[in-house]
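Take a look at the letters that make up each chain.
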Amino acid sequence: MGSDFKTIPIIDVSPLVAKIDDPKSTTSDDLLEVVRQLDKACKEAGFFYVKGHGVPDSLIREVREISRSFFALPAEEKLKIKMTTKSGYRGYQKVGVNITKGKPDMHEAIDYYRPILPGQYGDLASPLEGNNLWPKTPFNFKEVMEDYLFLVKDLSRKIMRGIALALGAPIDAFEGDCAGDPFWVFRLMCYPVLTDIPESERTDTGIGAHTDYGLLSLVNQDDEIQALEVQNRSGVWIYAVPIPGTFVCNIGDMLKVWTNGIYEPTVHRVINKTPFYRVSVGFFYESNFDACIQPVECCKQKTGGVAKYDNIVYGEHLVKKVQNNFVKGRY
C-alpha cells in the first residue's frame, strides 16, 4: 500500500485505449497524461477506477446478470460443473469452500483459467491442467463470457503498456518473455446476504484480506452495493464505491517484484453487510505461466540498485495459492 489515500482515483483511459498501439501516437499529450495518472495511482493507492475503456456498458451488465442467473439455479444444477482437483480446480464452488488464510469465505463462485494442455509446462502446471467447465444454463453463458474475456484481455494488455511507459521501460516490457503469452484467471462471484447463511457456518467476510497474484486485475461489480474495501497505509479501510460503467483496477504480486517495490499491491477484502445478493466478476491478467519474474534493471536503479525480492516463477506462485484456497474435503 502506497499512502494514506482516502479515495480511489478515477482515470479516463480513452486516449490510451485509442493510441497505445500506434507508434506515432505514444508521445501525444493526452496519452502521456493517462500514463502520469497511472503512475501516481499505482504508487499511492495500488487501486484505480478505469472509465473510457471501450467495453460496452451493456456487456458489462449482461455478464453480471448472466452470472446472477446461474447462481440462482438449484444447487443440483450448479453442481453439474462442480470444481474438483480432477477438473484442474476449475468450476463451481459452494459458499464456504473458498478460504482466505484458513477462514471460509462467504461467497459462491465459478473459477475459469486459461486452458492448459497436458504437459504444456511440464510438471509445473499439472494441478491446473484442463479445460473450463461451462454450464448449459443460461443458454448463452459461454458465448457472452468469451466475448467479454476477449475485450478485457485486450484492455489489460493496453493498460500494462501504459504502466510500462510510466516506469520508464520500453512500451512492450510486459510482452515477450514476461507476458507476451499471458495467463489469465476469471472468477464469477456471488455474495449472499449473511443472515441467509446458517449461523454455525457463517463468517463475517465475503473474501478475507489479501493481495492479488499477478499483474493486473479488473473488477466488474454490482452497482449501488458497497462491499469491496481497500486498506491504506494507516490500516484504514476505504470502500471501492461502485461507479457504473467503470472497472475497479488493481495491481498484483508479480508487478511488485518486477518493479522492485516501486508499485506494491494493496490489501483488500469483501464484506457484504447489505440485505442484497451481490455479484462481482473478477478478471486477472497474469504473466506467462512459466515466466520467471524478477526485479528489472530500470526499476532496481530507481530503488538503490539492489533487488529487494527473490525471483518468482509465476506458475509456482499461482499453483501454491490455488491449492491452499479451498477447504479440504469439500470439493
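Residues numbered from 1 in each chain as written. Predicted model: local features only at pLDDT ≥ 70, side-chain atom pairs only at ≥ 80, totals over all residues. Heavy atoms only, no water.

- Going by what an unreviewed UniProt entry lists, the protein chain is known as 2-oxoglutarate (2OG) and Fe(II)-dependent oxygenase superfamily protein and is assigned to Rhynchospora pubera.
- Under the heading Cofactor (unreviewed entry), UniProt records this for the protein chain: "L-ascorbate".
- In its Catalytic activity (unreviewed entry) section, the UniProt record describing the protein chain reads: "L-homoarginine + 2-oxoglutarate + O2 = 6-hydroxy-L-homoarginine + succinate + CO2". (UniProt positions renumbered as here; feature names shortened; annotations may be inferred.)

With respect to the UniProt feature "domain: Fe2OG dioxygenase" (unreviewed entry) in the protein chain
Right, so step 1: The residues that UniProt annotates with the feature "domain: Fe2OG dioxygenase" (unreviewed entry) are residues 181-287.
Right, so step 2: Here residues 181-287 is 6% helix and 42% strand, with 7 Å between the C-alpha atoms at its ends. (Helix = DSSP H or I, 4+ residues; strand = E, 2+ residues; numbered from the N terminus.)

A short note on the sheet that holds strand β11 (residues 228-231)
Right, so step 1: Reading across the sheet, the four strands line up as β9-β14-β11-β12 and stay open at both edges, with antiparallel pairing between neighbours. One side of each edge strand has no neighbouring strand; the edge strands of this open sheet are β9 (207-210) and β12 (237-239). Sheet twist, expressed as the mean angle between neighbouring strand axes with direction ignored, is 25°.
Right, so step 2: Here β11 runs beside β12; their pairing, made up of three bridges, is antiparallel. (Pairing = 2+ DSSP bridges. Axes fitted to C-alpha atoms, helices over the stretch in contact; angles between N-to-C directions.)

Notes on the nonpolar core
Right, so step 1: With 86 residues, the main nonpolar core has Ile163, Phe174, Phe186, Trp258 and Phe289 as its most contacted residues.
Right, so step 2: With twelve residues, the single largest contributor to this core is helix α5 (residues 141-166).
Right, so step 3: In terms of nonpolar packing, the next biggest core, distinct from the first, is built from 17 residues, Ile8, Tyr49, Ile207 and Ile238 among them. (Core = buried A, V, L, I, M, F, W, Y, C linked by side-chain atoms within 4.5 Å. Buried < 20%, exposed > 50% of the residue type's maximum accessible area, 1.4 Å probe, protein only.)

Things to note about unusual backbone geometry
Right, so step 1: Between Thr137 and Pro138 the backbone carries a cis peptide bond, its omega angle lying at -5°.
Right, so step 2: Even without being glycine, Lys101 reaches a positive phi, approximately 55°.
Right, so step 3: Looking at Lys101, the relative accessible area reads 76%, which means it is exposed.
Right, so step 4: Here Glu224, not a glycine, exhibits a phi torsion of approximately 70°, which is positive.
Right, so step 5: Relative to the elements of secondary structure, Glu224 occurs in the loop between β10 (216-221) and β11.

Some points on the packing of helix α3 (residues 57-71) against α5
Right, so step 1: Axis separation between α3 and α5 bottoms out at 10 Å; the angle between their running directions is 140°. Viewed along their axes, α3 and α5 adopt a mutual orientation that is oblique. Classified by chirality, the crossing of α5 by α3 is left-handed. Together, Leu59, Ile60, Glu62, Val63, Ile66, Ser67 and Phe70 of α3 and Phe141, Val144, Met145, Asp147, Tyr148 and Leu151 of α5 make up the contact between the two elements. (Parallel < 35°, antiparallel > 145°, perpendicular 65-115°, else oblique. Left-handed = near helix turned anticlockwise from the far one by under 90°. Contact = heavy atoms within 4.5 Å.)

Quick notes on the sheet that holds strand β13 (residues 247-251)
Strand pairing in a sheet takes place through backbone hydrogen bonds and is either antiparallel or parallel in direction.
Right, so step 1: The strand order across the open sheet formed by eight strands is β1-β2-β13-β10-β15-β8-β6-β3, and the pairing between neighbours is mixed. This sheet does not close on itself; its edge strands, each paired only once, are β1 (10-12) and β3 (91-93). With strand direction ignored, the average angle separating the axes of adjacent strands in the sheet is 25°.
Right, so step 2: One ladder, built from six bridges, connects strand β6 (residues 108-113) with strand β8 (residues 182-191); its direction is antiparallel.

Quick notes on the packing of aromatic side chains
Given two aromatic rings, their pairing is described by the distance between the two centres and the angle made by the two planes.
Right, so step 1: On inspection of all chains with the given rule, the structure shows 16 aromatic pairs.
Right, so step 2: Aromatic pair Phe183 and Phe289: ring centres 5.0 Å apart, planes at 65°, arrangement edge-to-face. Separated by 106 residues along the polypeptide, Phe183 in strand β8 and Phe289 in the loop between β15 (278-288) and β16 (292-293) bring together distant segments of the chain. The exposure classification of Phe183 matches that of Phe289, with both residues buried. (Phe/Tyr/Trp six-rings, centres within 6.5 Å; stacked < 30°, edge-to-face > 60°.)

Looking at the pairing of β15
Right, so step 1: Taking burial as the measure, the eleven residues of β15 include eleven buried ones, the bulk of the element.
Right, so step 2: Direction of pairing for β8 relative to β15: antiparallel, over a ladder of nine bridges. In the strand pairing of β15, Arg187 is matched with Gly282.
Right, so step 3: The pairing of β10 with β15 spans six bridges and is classified as antiparallel. Residue pairing across strands places Gln221 opposite Ser280, the latter belonging to β15.

Things to note about the pattern of salt bridges
Side chains that carry opposite charge are capable of pairing whenever their charged atoms lie near each other.
Right, so step 1: The full count for this structure, using the stated rule, is 21 salt bridges.
Right, so step 2: Between Arg64 and Asp223 there is a salt bridge, with the nearest N and O atoms lying 3.7 Å from each other. Separated by 159 residues along the polypeptide, Arg64 in helix α3 and Asp223 in the loop between β10 and β11 bring together distant segments of the chain.
Right, so step 3: Classification of Arg64 as buried rests on a relative accessible area of 6%.
Right, so step 4: A salt bridge links Lys300 to Glu297, with the nearest nitrogen and oxygen atoms 3.5 Å apart. Of the two residues, Lys300 and Glu297 are both situated in helix α8 (residues 297-301); the distance of three residues between them amounts to about one turn of the helix.
Right, so step 5: Judged by relative accessible area, Lys300 falls into the buried class, the value being 19%.
Right, so step 6: Assessed through its relative accessible area of 46%, Glu297 is described here as partly exposed.
Right, so step 7: Connected through shared salt-bridge partners, Asp21, Asp154, Arg157, Lys158, Arg161 and Glu175 make up one network. (Salt bridge = Lys/Arg side-chain N within 4 Å of Asp/Glu carboxyl O.)

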